[in-house]
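Here is how the chains run, residue by residue.
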Amino acid sequence: MTASVIDLGDVSSRPEEPEDYPGGRPEFGRIRVGRLAKVVISALAVLLLGGSGLAEPPVVREIWSVPSPYPESMAIDDDAVYLRYAELGATTMAAYDLRTGAVRWRQDTGSGSAWLGVTSRSGVLLMAGDEQAIDVKSPGGGIVSFSYAGSTTALDAATGRQLWKRAGEYHWEGAGDTVLMSEREQDGTITWLRLVRVRDGSVVWERRAPEQADTLVVQFDGDEPVRVVTATQQGALTVLRYADGAVVTSGSVPWRRRSPDTGAGSNLSAVTDRIVVVDTGLDTSGDQSRITVYRTDDLARLWARDTTGWANVQDCGPLVCVNTAQGRFEAVEPETGTKRWDMMGGQFIGHIPGGDRLLIAGTDEKPRQSLVDAATGRVIGPGGSGAILAMDEEEGAATLVRQIAPDLGVMSRLDTGTGRSIVLGVVPAGDRAYCAERGRWIVCSLGDRLTVSTVG
């Protein structure tokens, strides 16, 4: 299972108290909280969450906590937690043993911000670096800046040793032992595309990018990347095979140049076997969008529809979900756009591994997750409260966190087979909480400390 990294805002994980801590005893915000208090709070949380079951006793347990700078990026695998942070004008990468909190290695990675990807299969950390800025002049005379990575560096996850460095940014798609990379000109135009092996940086294929392309998306079939789609600001699309870079098809579609001020214009995305172009800001209020769907392998136009608001389109199992006005979305046939079912819910929908179930958040400020049959829209079970922290494919469960006070959150586990949830325990909250989950391990950076807890 891969690790999901989500910024939870005011939610973090730091409960329970084992005997020994590498960095001292845990604190609950600034106040220590004992076992009895946590059980009482957990019981109250059950009432607040509408009667979800309570694991007896609460099973979120902190394993270790150590001082740590707040990271720019964080990742975990089966063995370690990796942080990249800026300190005293330099950027450092550090690896902490997942089970003990011991520092495995630290590495100076130069200056500038960067994001971090990790694949436990290959034991490699990928870092973006050499940030490049693009300044675009808006019609109003202002300057809007965009940035991209000018290079990618790979480190050995076990030792921190540099394995390779290449020009270009990486497009981390979780695709086993390879990663797609692209190089750009100073104006943002893509010049080169290449697929490289993660472990040694050797090239599987490389080619010049289609002329004037500045947008790139990767299309998946299930969990496997199968196509690379590029677009120009004139609407020229090119479809390449992910495996070897060969051209599948190319052609032109209607396209509106994006406004640097508002972002309105044409935007490219992909769902299974389909390319999606969403035109936003069509009317003077900027609140009208048009969705046009094309078949990937020949760019044949399949269907189009207008919608209120800035539209979002995504895979929903065998169907495609399209958000509409006032928080309502529709699940439609990919080939025709025919509606099969609709419901109220959040704009972005959690797709459960396996493809036949969805997790859909309500539109309230503190949403409730509903488990839904993707083909029919039937709601399964009572669901659970909170934001999704992670999906566990092996366990068939989703971990949810709901903030119930400025410094307090409740963690629960939602069974993605039955739609029933159980409260695991309380977790402290912080303004800068940054959390990830890997199996039963929950990792949170809380500004000045790194904490690791387990579930069960």
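Residues numbered from 1 in each chain as written. Predicted model: local features only at pLDDT ≥ 70, side-chain atom pairs only at ≥ 80, totals over all residues. Heavy atoms only, no water.

**Description of the state of the cysteines**
Part 1 of the reasoning: Taken as a whole, this structure holds two disulfides when the rule is applied.
Part 2 of the reasoning: With its sulfur 2.0 Å from that of its partner, Cys316 forms a disulfide with Cys321. Since a negative S-S torsion denotes a left-handed disulfide, the Cys316-Cys321 link at about -125° is left-handed. Just as Cys316 is buried, Cys321 falls in that class too.
Part 3 of the reasoning: The disulfide partner of Cys435 is Cys444, and the S-S distance across this bridge is 2.0 Å. Residues Cys435 and Cys444 are joined through a disulfide that is right-handed, its torsion about the S-S bond being 110°.
Part 4 of the reasoning: Classification of Cys444 as buried rests on a relative accessible area of 0%.
Part 5 of the reasoning: Of note for the chain: the bonded cysteines, numbered N- to C-terminal, pair according to 1-2, 3-4. (Disulfide = S-S within 2.5 Å. Buried < 20%, exposed > 50% of the residue type's maximum accessible area, 1.4 Å probe, protein only.)

**Quick look at the sheet that holds strand 31 (residues 379-385)**
Part 1 of the reasoning: Taken in spatial order, the four strands of this open sheet run 28-29-30-31, and their pairing is antiparallel. Of all the strands in the sheet, the pair left with one neighbour each is strand 28 (350-351) and strand 31. (Pairing = 2+ DSSP bridges. Helix = DSSP H or I, 4+ residues; strand = E, 2+ residues; numbered from the N terminus.)

**Details of the packing of aromatic side chains**
Part 1 of the reasoning: For the coordinates displayed, the defined rule picks out three aromatic pairs.
Part 2 of the reasoning: For the ring pair Trp64 and Tyr96, a centre distance of 6.5 Å and an interplane angle of 25° mean the geometry is stacked. Residue Trp64 is located in strand 3 (residues 60-67), and its partner Tyr96 is located in strand 6 (residues 90-97); the two are separated by 32 residues in the primary sequence. Each member of the pair, Trp64 together with Tyr96, is buried. (Phe/Tyr/Trp six-rings, centres within 6.5 Å; stacked < 30°, edge-to-face > 60°.)

**Observations regarding the confidence of the model for the chain**
Part 1 of the reasoning: With 78% of its residues at a pLDDT of 70 or more, the chain has an overall mean of 79.
Part 2 of the reasoning: Long-range and interchain partners of residues 1-51, a stretch whose pLDDT sits below 50, account for 142 contacts in this model, where long-range means more than four residues apart. (pLDDT = per-residue confidence, 0-100. Contact = heavy atoms within 4.5 Å.)

**Observations regarding the pattern of salt bridges**
Two side chains carrying opposite charge are able to pair once their charged atoms lie near each other.
Part 1 of the reasoning: Scanning the model with the defined rule gives 17 salt bridges in all.
Part 2 of the reasoning: Between Asp156 and Arg199 there is a salt bridge; the shortest N-O distance is 2.4 Å. Remark: Arg199 occurs in the loop between strand 14 (190-197) and strand 15 (203-208) and Asp156 occurs in strand 10 (residues 143-156); sequence separation between them is 43 residues.
Part 3 of the reasoning: Asp298 is the salt-bridge partner of Arg295, the closest N and O atoms lying 3.2 Å from each other. (Salt bridge = Lys/Arg side-chain N within 4 Å of Asp/Glu carboxyl O.)

**So, the pairing of strand 14**
Part 1 of the reasoning: Of all the eight residues making up strand 14, six are buried; the element is thus mostly covered by neighbouring parts of the structure.
Part 2 of the reasoning: Here seven bridges tie strand 13 (residues 178-184) to strand 14, and the two strands are oriented antiparallel to one another. If you follow Met181 over to strand 14, its bridge partner there is Arg194.
Part 3 of the reasoning: Where strand 13 hands over to strand 14, the hairpin turn is made up of five residues, of which Gly188 adopts a positive phi near 95°.
Part 4 of the reasoning: Bridge count between strand 14 and strand 15: five bridges; the pairing is antiparallel. Paired with Leu193 across the bridge in strand 15 is Arg207.
Part 5 of the reasoning: In this antiparallel pair of consecutive strands, strand 14 and strand 15, the connection spans five residues, and Gly201 shows a positive phi of 75°.

**Concerning the side chain of Arg194**
Part 1 of the reasoning: Tracing the backbone through its elements, the reader meets Arg194 in strand 14.
Part 2 of the reasoning: Residue contacts for Arg194: discarding those within four places in its chain leaves Arg166, Ala167, Val179, Leu180, Met181, Glu183, Val203, Trp205 and Glu206.

**Focus: the pairing of strand 19 (residues 247-252)**
Part 1 of the reasoning: Note: strand 18 (residues 236-241) against strand 19, five bridges, orientation antiparallel. The residue of strand 19 that forms the bridge with Thr238 is Ser250.
Part 2 of the reasoning: Between the antiparallel neighbours strand 18 and strand 19 lie five residues, among them Gly245 with a positive phi of about 80°.

**Structural notes on the nonpolar core**
Part 1 of the reasoning: Trp64, Met74, Val81, Tyr96, Val443 and Leu450 are the most contacted members of the largest nonpolar core, which has 17 residues in total.
Part 2 of the reasoning: Not counting chain neighbours up to four residues away, the residues in contact with Val443 comprise Met74, Ile76, Val81, Leu98, Tyr434, Cys435, Ala436, Leu450, Thr451 and Val452.
Part 3 of the reasoning: Counting 13 residues, the second-largest nonpolar core is a separate cluster that includes Val60, Val427, Ile442 and Val455. (Core = buried A, V, L, I, M, F, W, Y, C linked by side-chain atoms within 4.5 Å.)

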